[in-house]
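What follows is each chain in one-letter form.
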Amino acid sequence: MNLDGETNLKLKQALDITTSFQEDSSFQNFRGLIKCEDPNANLYSFVGTMEFEGENYPLSPQQLLLRDSRLRNTDYIYGVVIFTGHDTKVFQNSTPPASKRSNVEKRMDKIVYLLFLVLVLLSFIGSIFFGIWTKEDLVNGRMKRWYLRPDDTTIYYNPKKAAIAAILHFLTALMLYGYLIPISLYVSIEIVKVLQSVFINHDTQMYYEEADKPATARTSNLNEELGQVNTILSDKTGTLTCNSMEFIKCSIAGTAYGHGITEVEWAMARRKGSGLVSELKEEQSRIEEMSDENKISVKGFNFADERIVNGKWVNEPRADVIQKFLRLLAICHTAIPDMDEETGKVNYEAESPDEAAFVIAARELGFEFYERTQTSISIHELDPVSGRRVDRVYELLNILEFSSARKRMSVIVRNEEGKLLLLSKGADSVMFERLGKYGREFEKQTREHINEYADAGLRTLVLAYREIDEEEYEAFNKEYSEAKNLVSADRDEILEEVAEKMEKDLILLGATAVEDKLQNGVPECIDKLAQAGIKIWVLTGDKMETAINIGFACSLLRQGMRQITVTLEAPDIKALEKADDKSAITNASKESVVRQISEGKELLTASNESPEALALIIDGKSLAYALEDDVKDMFLELAMGCASVICCRSSPKQKALVTRMVKIKTGKITLAIGDGANDVGMLQEAHIGVGISGVEGMQAVMSSDIAIAQFRFLERLLLVHGHWCYRRISTMICYFFYKNIAFGFTLFFFEMYASFSGQPAYNDWYLSLYNVFFTSLPVIALGVFDQDVSAQFCIQFPLLYQEGVQNVLFSWPRILGWAFNGVLSSTIIFFFCALAMEHQAFRKGGEVVGLEILGATMYTCVVWVVNTQMALSIHYFTYIQHLFIWGGIALWYIFLLAYGAMDPNISTSAYKVFVEACAPAPSFWLLTLLVLGATLLPYFTFSALQMRFYPMYHQRILWVRSDGHSNDPEYCNLVRQKSLRHNTVGYTARLEAKAKRILKGDVSSS
């Protein structure tokens, strides 16, 4: 079933009473009645009963197939439709997607509002002056503006109704100056963002060949925010790690088995010194030799221990416990075997990678699960007496399913000898407390081993069992069946209560430890992101020890970094928990959390005075109190001051709440990245949600804005595409406002010149085509192709990313600077043209210019200036940009020729204005050249001075490239040094800290 986006297998079974119905004829006399819950959106629960032949049979999610389900391991089914149309789960879950708009777009809206206010202000000023001048047009029979004929005119110029004329002029001016508002900007930005998304989707360096998964931009709204991320909130399992579990160690009967060395152990060895690294290398060599001898190479099984492989476990002192341990692994699960007909090998379809690893481990150690029916599980077991494989069938009576609340799974089976067994596996936090008085023989050793496994970054489960007598089972089964037959909202809670009565007095067998390896390139990616000044938080459901050691392995933590640990594992809190005083526990817990956070803030204040990085580690219980309204501000202040933050034992809801807190309280751009259904809330809360299309399915991807296959691709997504998109969009918007202001203010200045008569300076078609043909394509090309620096330099100098985080390219000073440039350009264009042509003979006959010539000349200058300004703003030229920029200018001349050649009734004031007036006049060409130079000179001067005396970071990198030092490590290091700060994380920061410690030791010894 993949309605929920998950592609992993889900076990579905018919009721026992209906399994015999295999043919159409079986349903000839079938009569039944189904009673079930009302339609709802919950995909993972279903409450109902089927009445058949006077008996009620419980229906659960195992009997429910949702829309878009795909059948596996069966050819066809018979079923009855429960919900249709809007009652189906797919409709119940269909909600409008969360609306996300980038901060750049929101600021762009504010600029449009500002321009609209400018438009209204200009119109108001013009109408006031027009009203005054109109009133004074006719005084004592004398006309000032005689050409308007105020003595015989319409209401628009009537001196006796100057107020009405002013109001009408205000409306005229609103339409005339409307070209200040860049309506086409919104269309252009959408085109650019879609094309940017296409480039992201086709980036081969973000293509994961092993799984055939490219990067996918699921929305184009947030491209520029990829270049402004301040905080990354990441899941661990499946995001930083592979979520491809390998059975590597186990503890059975108090004895630790397995010699594998995890990535976390390698990281710990590197932290503690070279001696331990040498020991691990020797151990690794021995393991590899052993593996070669045993020819162990199975996916999901990386176990090496000569004591129990190849059936040697029968010689161990507690072989009976090992047998029960391996049998439990082979039976207690919901996996389905799939026999490969060619090789005869059994593969497994499991609901989770952990479960598949356990079944594979059991198979490799002599207990092969090979067949499942609704009522039985069949296993090839190694008989310790005969040493041969024997077939055993276990009658499957009940499955007590795993849930996040129960944190365990159990099955009740009957073996061939008729004994009833309850086999259980689950988290240590719930399993140890369910052990019986005589089931704790190996508890102390097992706890020690579990702690060691957690330190090595392994995921652990505790295995236990007990025998059940017939009377106890009959009573349980009756109560359990009655609970399953309930049709009420609290059925699940009642089922859990009934199951809990059975899962007690367990006998401990041991614990498993599986490794979830770090994905390739994770430490390097985190290092680059940290150098870019991005804060990285890890939100995981794992134990604190496991999360800390993964933090060291991926360089989020390092030796010498002070760790601020906020936890509720203190003895006084434990004592209150045993007393079961909920009110006292709540008050004491909250006080403890507040006190620990306050102590952390004191450490933070002290560390600000000395270059010492801090890491904050907090568990789920503490996080619940830290997120309360009166504590969250204090918690966030501490967290934002730390170099890295790790939240352990976090629930999906807590992940979403932490993300919301960081997003709202800091006001900075947040990015959440995860791969599972438990990360969906976090992805939807963040400004940008990035889904990892890993082995947990596609639900995170379906809820994300951008999907990638590996965490390491985040480096290129942010530092390269994010930086480029932010720069392109920011420059594009600024330029768009510049060119519209430069054009619109020439209209205003001409209005002033013409005493605000409402006469436009340009032909109507000039006005209409300005943003469509002559200036639009170059700005789209800039938004799609421009690169201030290459991808190589974006990665080589990560601090460049801070230009986006600090929003230096779309700040109000920069926006207003471009607006001022537009006003300055329009001022120079208008007054140069007007003053140069006002009294100057223009044609051979000595005629002075008219409105049509002045308009064509000014328009020509505007087209030249704004397109050449674009050429100066571009850093990376392509043939397309050359074509659009210079082609836009050429298109203006072609249009002027073609439009001017049309009938005067069509071309009106543009009739042959270029052929007969402008083109033959040398002053036209000379004026265009002079205006172009004078208009661009201020911008060119400012850019040159800024580059020379106040260069931005990307300009420094351009100097490196232009001076030929891009391959000089020392020179590049000087430029790069600014990206390393004392509070960054990553292996580069770790090496820097180690070098400082060594240098400090040398200085103190001397």
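Source: prediction; values computed, not measured.

Caption draft 1: Representation of the sheet that holds strand β13 (residues 376-382) in the model. The antiparallel open sheet is built from nine strands, whose spatial order is β9-β8-β18-β17-β16-β15-β14-β13-β12. The open sheet has two edge strands with one neighbour each: β9 (255-257) and β12 (368-372). This sheet shows a mean twist of 25° between the axes of neighbouring strands, independent of strand direction. Looking at chain direction, strand β15 (residues 408-414) and strand β16 (residues 420-426) are connected through seven bridges and run antiparallel. The partner of R408 across the bridge, within β16, is G426. Here helix α8 (residues 353-364) sits on the sheet and contacts β8 (246-252), β12, β15, β16, β17 (458-468) and β18 (507-515); the angle it forms with β18, its principal contact strand, is near 110°.

Caption draft 2: Local environment of the state of the cysteines. One pass over the full model with this rule turns up zero disulfides. C648 takes part in no disulfide bond, and the closest cysteine sulfur, belonging to C647, lies 7.4 Å away. C833 forms no disulfide, and the closest cysteine sulfur to it belongs to C861, at a distance of 3.9 Å. In this structure C833 comes out as buried when scored by relative accessible area, which is 0%.

Caption draft 3: Local environment of the pattern of salt bridges. One pass over the full model with this rule turns up 39 salt bridges. Of the charged contacts in the structure, one is a salt bridge between K193 and E105, with a shortest N-O distance of 2.6 Å. A residue pair is termed long-range when its members are at least 10 positions apart, and K193 in helix α4 (residues 183-201) and E105 in helix α2 (residues 103-135) qualify at 88 residues. Note on accessibility: K193 and E105 belong to one class, buried. We note a salt bridge from E381 to R327, for which the minimum N-O separation is 3.0 Å. Within this pair, whereas E381 is found in strand β13, its partner R327 is found in helix α7 (residues 319-331), the two being separated by 54 residues in sequence. Each member of the pair, E381 as well as R327, is classed as buried.

Caption draft 4: Up close: the packing of aromatic side chains. Following the criterion strictly, the structure yields 52 aromatic pairs and no others. Pairing F247 with F303 gives two aromatic rings, centres 5.7 Å apart and planes at 50°, and the pair type is tilted. One end of the pair, F247, is in strand β8; the other, F303, is in the loop between α6 (274-294) and α7, with 56 residues separating them in the sequence. Overall, F247 belongs to the buried group, its relative accessible area being 0%. Summarising the aromatic geometry, the rings of Y766 and F895 are spaced 6.4 Å apart at their centres and angled 75° between planes, so their arrangement reads as edge-to-face. Highlighted residues: Y766 in helix α23 (residues 764-774) and F895 in helix α29 (residues 879-900), separated in sequence by 129 residues. Of the residues examined, F895 reaches a relative accessible area of 16% and is grouped as buried. Chaining the aromatic ring pairs together yields one cluster made of F129, W133, Y177, F745, F748, F749, F750, Y753, F756, F830 and F831. One cation-aromatic arrangement involves R447 over F432; the distance from NZ or CZ to the ring centre is 4.1 Å. Here the basic side chain of K739 rests over the ring of F736, its NZ or CZ set 4.2 Å away from the ring centre.

Caption draft 5: Up close: the nonpolar core. Residues Y177, I733, Y762, Y766, Y859 and W892 are the most contacted members of the largest nonpolar core, which totals 91 residues. Of the residues forming this core, the biggest block, 17 residues, is contributed by helix α22 (residues 713-753). The contact partners of Y177, leaving out residues within four places of it in the chain, are L119, L122, S123, L747, F748, E751 and F756.

Caption draft 6: Expanded view of the sheet that holds strand β3 (residues 55-59). Pairing in this open sheet of three strands is antiparallel, and the strands run β1-β2-β3 from one edge to the other. Unpaired on one side and paired on the other, β1 (33-36) and β3 mark the two borders of the sheet. Taking each pair of neighbouring strands and ignoring which way they run, the sheet shows an average axis angle of 25°. Looking at chain direction, β1 and strand β2 (residues 48-52) are connected through four bridges and run antiparallel. Looking at β2, one finds that I34 is bridged to M50. Packed onto the sheet, helix α11 (residues 470-485) meets β2 and β3 and runs at close to 75° relative to β3.

Caption draft 7: Quick peek at the confidence of the model for the chain. Summing up the model confidence of the chain, the mean pLDDT is 84 and the portion of residues at 70 or higher is 87%. Of all helices and strands in the chain, the one with the weakest mean pLDDT is α6 (53), whereas β16 scores best (95). With pLDDT under 50 throughout, residues 1-7 is counted as low confidence; its partners more than four residues away or in other chains account for 29 contacts. Low pLDDT, under 50, characterises residues 979-983; the predicted model gives this stretch 15 contacts beyond four residues in sequence or across chains.

Caption draft 8: Representation of the pairing of β2 within the structure. Most of β2 sits inside the fold, with four of its five residues counted as buried. As paired elements, β2 and β3 share five bridges and run antiparallel to each other. From the neighbouring strand, G48 faces β3, where its bridge partner is L59.

Scoring rules and cut-offs
Residues numbered from 1 in each chain as written. Predicted model: local features only at pLDDT ≥ 70, side-chain atom pairs only at ≥ 80, totals over all residues. Heavy atoms only, no water. Pairing = 2+ DSSP bridges. Helix = DSSP H or I, 4+ residues; strand = E, 2+ residues; numbered from the N terminus. Axes fitted to C-alpha atoms, helices over the stretch in contact; angles between N-to-C directions. Contact = heavy atoms within 4.5 Å. Disulfide = S-S within 2.5 Å. Buried < 20%, exposed > 50% of the residue type's maximum accessible area, 1.4 Å probe, protein only. Salt bridge = Lys/Arg side-chain N within 4 Å of Asp/Glu carboxyl O. Phe/Tyr/Trp six-rings, centres within 6.5 Å; stacked < 30°, edge-to-face > 60°. Lys NZ or Arg CZ within 6 Å of the ring centre and 35° of its normal. Core = buried A, V, L, I, M, F, W, Y, C linked by side-chain atoms within 4.5 Å. pLDDT = per-residue confidence, 0-100.

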